[in-house]
Amino acid sequence: MAQDQDLLKGVNLFLSSNTQTGSDARVINWNTCRASGNAASIPGTPDIYSEEFPRNFEIKDQLDKGSFGTVYLVGDLDKTDEKRFVAKQIWIKAKQDTIDLLFAETNILLNAKHENIVQMHGYQIKDMSIFIFMEFMQKGTLSKYIKDKNGLSELKTCLFTKQILEGLLYLHSKNILHLDIKGNNILLEDEDKVKLSDFGLSKIIKMGQDLSSISGGTSRYMAPEVITSELENEYFSRADIWSVGCTVVEMITMKSPSASVESQCVLFRVGTKKKPVLKLPEHTSKELREFLDKCFTVDFKERPSAEELLQTDSFLLA
C-alpha cells in the first residue's frame, strides 16, 4: 500500500509539471481514481473515457512482456459483442524511467483525438498495477505488414504517408513532437488505414522552451538536430518529418535507411549533417525521390512541415 501511495504521489507530480495548459487540456487525477475504485467515475472529466471503456475486462491473450510489465488482448465482460482492446499492465515496482515513459504517453493520449492516432479508452489501478486501455489494431505494426507484403507499392506508400502526415499535422498543431516515428510505432486498423502509436518519448513543446536537452528516438530514424541537440522551438516539428522520410524508405525497401551501416556510424554521419545512405529500387519514381529529398533536407529550417508536404508535394498529390 505504501508503494501504491508513493506511485500515485509521483504520478500527480509528473502530470502537473508536464501537462498542456488551456481549456482543452486534460490530466488524470490518479488519487481520485484510486479512492473511487472506478476509473470511469472521475468527476469533471467525462470525455476522457469513451463509452467503450471496459470496466470489467477479461484477458484473452498475452501480446508482449518485458521488464516493465505485460501487454494483453482483453475483452469487455459487460458487452455481448467481440469488441477487443489492448491493455498495458505496468507494475508499480517497475523502474522509475519506465513509469515516466508511461505517464508521458498517457498524458499525450489524453489530449490527442484524431483518426490517425491510436485512441486511449481509459485506465484502472488494480492489484498493484496500472492498466492502460487502448484500441486494438488488429493488423499489427506497419513494419510487420511491410515484411508480410515483401515491401509496399508506391501507391500504398503514398496512402500511408498521407495518413502519417495527417496524424503528425494534428500533433504538431497541439505542440506535440512525437520523436520516434518508425514502422514499429505505426499500427494498422485495416489494410488501408494506419495510426500513430507509442508516445513514450513524445514531448509537449512550450513556447520559448529550451529544447537543447530533448533527445531520444531510434538512431536510424533520428533527425540531425535531435542527434546534435540543436532543436529550435519554431521548427521543432521538422524532426518528425526526417523520421517520416526514413519510414517511407522502410515501406519501399523493407529496411531502414543506412541499414547496412553500424548504428554509431549512422549517428555520426547524420550528426555531421550528411543525408542517409539510400538504396532505392531502380524503378523508384522521380516524385518519390524528390519527396525523400525534401524529408532529408539537412537544414531543418528549410525542411518542409507536414502541412507543406500535404498541400504541395507532387508525390502525395499524384
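Our subject is the structure that appears above.
Residues numbered from 1 in each chain as written. Predicted model: local features only at pLDDT ≥ 70, side-chain atom pairs only at ≥ 80, totals over all residues. Heavy atoms only, no water.

(A) Spotlight on the environment of Phe199. Residue placement: Phe199 occurs in the loop between β8 (193–196) and β9 (203–204). It is 10.0 Å that separates the C-alpha atoms of Phe199 and Val118, two residues lying 81 residues apart in sequence. (Helix = DSSP H or I, 4+ residues; strand = E, 2+ residues; numbered from the N terminus.)

(B) Here's a closer look at helix α7 (residues 238–253). Taking 1.5 Å per residue, 16 residues should reach 22 Å; α7 reaches 23 Å between its end C-alpha atoms and fits that length. Of all 16 residues in α7, 16 are buried, a share of seventy percent or more. Following α7 by one or two positions, Met254 has its phi on the positive side, about 70 degrees. (Expected span 1.5 Å × (residues − 1). Buried < 20%, exposed > 50% of the residue type's maximum accessible area, 1.4 Å probe, protein only.)

(C) Quick look at the packing of α7 against helix α9 (residues 286–295). Running from N to C, α7 and α9 point in directions that differ by 145 degrees, and their axes come no closer than 8 Å. α7 and α9 meet at a crossing whose hand is left-handed. Contact residues: α7 offers Ile241, Trp242, Val244, Gly245, Val248, Val249 and Ile252, while α9 offers Leu288, Phe291, Leu292 and Cys295. Broken down by class, the residue content of the contact of α7 with α9 amounts to 10 nonpolar, one polar and no charged. (Axes fitted to C-alpha atoms, helices over the stretch in contact; angles between N-to-C directions. Left-handed = near helix turned anticlockwise from the far one by under 90°. Contact = heavy atoms within 4.5 Å. Nonpolar A, V, L, I, M, F, W, Y, C, P; charged D, E, K, R; others polar.)

(D) Seen up close, unusual backbone geometry. With a phi angle near 80 degrees, Leu179 is a residue other than glycine that sits in the positive phi range. The topology assignment puts Leu179 in the loop between β6 (176–177) and β7 (186–190). For Met254, which is not a glycine, the phi torsion comes out positive at approximately 70 degrees. Here Met254 shows up in the loop between α7 and α8 (263–271).

(E) Focus on the packing of aromatic side chains. According to the stated counting rule, one finds four aromatic pairs in the structure shown. Note on Phe291 and Phe315: the rings are 5.7 Å apart at their centroids and 45 degrees apart in plane angle, and the pair reads as tilted. Taken as a pair, Phe291 in helix α9 and Phe315 in helix α11 (residues 314–317) lie far apart in primary sequence, 24 residues in all. Each of the two residues, Phe291 as well as Phe315, counts as buried. (Phe/Tyr/Trp six-rings, centres within 6.5 Å; stacked < 30°, edge-to-face > 60°.)

(F) Looking closely at the pattern of salt bridges. Inspection of the entire model under this criterion finds 12 salt bridges. Measuring nitrogen to oxygen at the nearest pair gives 2.8 Å for the salt bridge that ties Lys144 to Asp148. Taken as a pair, Lys144 and Asp148 lie in helix α4 (residues 142–148) at a separation of four residues, close to a single helical turn. Lys195 is the salt-bridge partner of Glu189, the closest N and O atoms lying 3.5 Å from each other. Several salt bridges share partner residues, and in doing so they unite Glu135, Glu189 and Lys195 into one network. (Salt bridge = Lys/Arg side-chain N within 4 Å of Asp/Glu carboxyl O.)

(G) Representation of the environment of Ile176 within the structure. Examined against the element boundaries, Ile176 turns out to sit in strand β6. Sequence spacing of Ile176 and Ile204 is 28 residues, and the spatial spacing of their C-alpha atoms is 4.6 Å. Beyond its immediate chain neighbours, meaning those up to four positions away, Ile176 contacts Ile108, Leu171, Ser202, Lys203, Ile204 and Phe236.

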